[in-house]
Each structure stands twice: as structure tokens, then as C-alpha cells.
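Spelled out, the chains give:
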Amino acid sequence: LRSKLEVKAEKADLSKETMTLYRKGKGKRVILNELRRKLIDVEDFDNLIDQLEEAGDIDFYQSCLDVLHKKRFDISSSMGKSKAYAYLSGKGFDSDQIKEALNPAD
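In this text the structure is predicted, and so the values were computed from the model without any measurement.

(A) Structural detail: helix α5 (residues 60–71). Compared with an ideal rise of 1.5 Å per residue, which puts twelve residues at 16 Å, α5 spans 17 Å between its outermost C-alpha atoms and is within 8% of the ideal. All of the buried residues in α5 are Phe60, Ser63, Cys64, Val67 and Leu68. Along the axis of α5, the buried residues cluster in a sector spanning 135°; they form a single face. Those residues of α5 hidden inside the fold are in contact with α2 (14–23), α3 (28–37), α4 (45–55), α6 (78–90) and α7 (95–102). Capping the start of α5, Asp59 holds a side-chain oxygen 3.2 Å from the backbone nitrogen of Tyr61, two or three residues further along. Phi turns positive one or two residues past the end of α5, at Arg72, with a value near 55°.

Now the structure itself:
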């Protein structure tokens with residue numbers, strides 16, 4: 001017999017689940033781990049992410065900035081930057097996305 005989790009995973013839509021987690025301020029790595037934890041098939045995950053980014057539905061750079069602004073870290077000091085980097089990394093954002101958010105000079 002299959003567990004409830006396996007039955008839910010079979011019915012789940014990868015795109016909808018990904019968008020739900022993205023809206024919660026999660027990065028790509030955390031989204032992938034959450035989907036795996038829910039036993040959802042993630043074989044097409046990278047292709048889906050590419051399609052959603054091209055369509056403009058998701059932007060991890062903007063999401064990273066939004067999460068950073070919500071937390072209000074003091075990024076003027078190196079200690080604050082370090083804390084912000086660790087927090088954002090824990091949220092699943094890539095290092096280039098975090099660096100872009102911490103250095104908004106461009």
C-alpha cells in the first residue's frame with residue numbers, strides 16, 4: 001500500500017508546487033529539497049525553472065532582494081553582511097544572487 005504522501009505526490013503539479021514555494025521566498029535549492037521531501041518527481045525541475053525564468057514568472061534575484069529587505073539586515077557592516085549572507089544561503093539562494101542583493105551598486 002502506498003502512503004498518503006505518495007498519493008499526494010502523484011497528483012501534485014510540479015509547476016504549481018514550485019510557484020507556491022517561490023512565493024514564500026524560497027531559493028532554487030530549498031525548493032528542490034522541499035519537492036523531493038514531498039516525493040514529487042523533480043526530473044524536469046531545471047527545465048521548468050528555465051521556462052519560468054524566461055517567461056518572467058520567477059526571478060530569484062528579485063526574490064532574494066525582497067527577502068533581504070523584509071529582514072532589514074544592516075549590510076553596511078561586515079558582520080551584518082555575513083549574517084545576511086548566511087540567512088539568504090539558508091533560504092536556498094545561490095551565491096551570485098546573494099552577492100547581487102548585497103551589492104546593489106549596479
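That was the structure; now back to the text.
(B) Broad picture of the nonpolar core. With 25 residues, the main nonpolar core has Ile31, Leu35, Phe45, Ile58, Phe60, Leu88 and Phe93 as its most contacted residues. Only α2, α3, α4, α5, α6 and α7 provide two or more residues apiece to this core. Those residues in contact with Phe93, other than ones at most four positions away along the chain, are Gly25, Lys26, Gly27, Arg29, Phe60, Ser63, Cys64, Val67, Leu88 and Ile98.

(C) Highlighting a negative patch on the surface. Residues Asp50, Glu53, Glu54, Asp59 and Asp66 make up a contiguous surface patch of negative charge. In terms of residue count, α4 provides more of the negative patch than any other element does, three residues in total. The residue Asp50 is located in helix α4 in this model.

(D) Broad picture of the packing of α6 against α7. At a minimum axis separation of 10 Å, α6 and α7 run at an interaxial angle of 140°. When the axes of α6 and α7 are compared, the pair comes out oblique. The two elements α6 and α7 cross, and the hand of that crossing is right-handed. Between α6 and α7, the contacting residues are Lys81, Ala84, Tyr85, Leu88 and Ser89 on the first element and Ser95, Ile98, Lys99 and Leu102 on the second. Split by residue class, the contact of α6 with α7 holds five nonpolar, two polar and two charged.

(E) Quick peek at α7. Looking only at α7, the buried set comprises Gln97, Ile98, Ala101 and Leu102. Angularly, the buried residues of α7 cover 130° about the axis, an arc narrow enough to put them on a single face. Looking at the buried residues of α7, the elements they touch are α5 and α6.

(F) Here's a closer look at the side chain of Ser63. Secondary-structure assignment places Ser63 in helix α5. Exposure remark for Ser63: the relative accessible area of 6% places this residue in the buried category. Apart from residues lying up to four places away in sequence, Ser63 is in contact with Tyr22, Gly25 and Phe93.

The rules we used
Residues numbered from 1 in each chain as written. Predicted model: local features only at pLDDT ≥ 70, side-chain atom pairs only at ≥ 80, totals over all residues. Heavy atoms only, no water. Helix = DSSP H or I, 4+ residues; strand = E, 2+ residues; numbered from the N terminus. Expected span 1.5 Å × (residues − 1). Buried < 20%, exposed > 50% of the residue type's maximum accessible area, 1.4 Å probe, protein only. Arc of directions from axis to C-beta. Contact = heavy atoms within 4.5 Å. Polar contact = N/O pair within 3.5 Å; in protein donor to acceptor, adjacent residues only side chain to side chain. Core = buried A, V, L, I, M, F, W, Y, C linked by side-chain atoms within 4.5 Å. Patch = residues over 30% accessible without salt bridge, like charges linked within 9 Å, V, L, I, M, F, W, Y side chains within 5 Å. Areas by Shrake-Rupley, 256 points an atom, 1.4 Å probe, with all protein chains shown as cover. Salt bridge = Lys/Arg side-chain N within 4 Å of Asp/Glu carboxyl O. Lys, Arg positive; Asp, Glu negative; His and termini not counted. Charge placed at Lys NZ, Arg CZ, Asp CG, Glu CD. Axes fitted to C-alpha atoms, helices over the stretch in contact; angles between N-to-C directions. Parallel < 35°, antiparallel > 145°, perpendicular 65-115°, else oblique. Left-handed = near helix turned anticlockwise from the far one by under 90°. Nonpolar A, V, L, I, M, F, W, Y, C, P; charged D, E, K, R; others polar.

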